[in-house]
Amino acid sequence: MKKLLVVVEYQTDFVTGALANPLAEPLEAGIAARVTQHLAEGGAVIFTLDTHPDVYEETREGRFLPVPHCIRGTEGWQLHGALRTYMQGTHDGVMLVEKGAFGAASLPGAAMTMCGGTPQEIEICGVVTDICVISNAILLHSAFLETPVKIRADLCAAMSKEQHESALNILRGMGYDIVGG
């Protein structure tokens, strides 16, 4: 069993692109350092990628959030900044998981593959705290009920500090360990 780090949607469209968030931009160095450290410690890393088709506006999410973003293959779909290197070539201990909705239904299976079974521990960071981070945390917790799940508060961001804190309070109330902030 391995420890798992999940980096949720740290993609250009959520940092400086179509759904730019100034609170997300300062996270780049910390997330990159955490990924490097986690891999050096022998852990596994999964990057989730919000992934939409060219006809995003015709999807259920597109009708709910009418801002085209993370269209597969575009600049905005890429991991942001220093993390982009993980989209190029193969990296030991790293997997990319595309998802078309807020939560990645395939994430628990990917976690099992990357960890050789149930993860020993799960740590989550990324954006957006009150949408995709919380959705994927719940998916992972539901799949691995006895596995400790940590949320890196200092490496997550929502569109406002209030939304970020509200999401952390919900996660805290559900028994997640909120660390780093």
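Residues numbered from 1 in each chain as written. Predicted model: local features only at pLDDT ≥ 70, side-chain atom pairs only at ≥ 80, totals over all residues. Heavy atoms only, no water.

The next subject is the pattern of salt bridges. Applying the stated rule across the entire model yields eight salt bridges. Its salt-bridge partner being Lys99, residue Glu9 comes within 3.3 Å of it at the nearest N-O pair. Of this pair, Glu9 sits in the loop between strand E1 (3-8) and helix H1 (12-15) while Lys99 sits in strand E3 (residues 94-99); the two residues are 90 residues apart in sequence, bridging distant segments of the chain. For the pair Glu9 and Lys99, a shared accessibility class is recorded, and that class is buried. The salt bridge involving Lys150 is made with Glu121; its shortest N-O contact spans 3.6 Å. Here the residue Lys150 occupies a position in strand E5 (residues 149-157), and Glu121 occupies one in strand E4 (residues 121-127), the gap between them amounting to 29 residues. Among the charged side chains, a salt-bridge network with shared partners connects Arg34, Glu123, Arg152 and Asp154. (Salt bridge = Lys/Arg side-chain N within 4 Å of Asp/Glu carboxyl O. Helix = DSSP H or I, 4+ residues; strand = E, 2+ residues; numbered from the N terminus. Buried < 20%, exposed > 50% of the residue type's maximum accessible area, 1.4 Å probe, protein only.)

Now for the packing of helix H4 (residues 107-115) against helix H5 (residues 129-143). Taken N-terminus to C-terminus, the directions of H4 and H5 make an angle of 60°; their axes are 9 Å apart at the nearest point. Here H4 lies oblique to H5, going by the angle between them. The interaxial crossing formed by H4 with H5 has right-handed handedness. In this structure, H4 contributes Leu107, Pro108 and Ala111 to the contact, and H5 contributes Asn136, Leu139, Leu140 and Ala143. Within the contact of H4 with H5, the residues separate by chemical class into six nonpolar, one polar and no charged. (Axes fitted to C-alpha atoms, helices over the stretch in contact; angles between N-to-C directions. Parallel < 35°, antiparallel > 145°, perpendicular 65-115°, else oblique. Left-handed = near helix turned anticlockwise from the far one by under 90°. Contact = heavy atoms within 4.5 Å. Nonpolar A, V, L, I, M, F, W, Y, C, P; charged D, E, K, R; others polar.)

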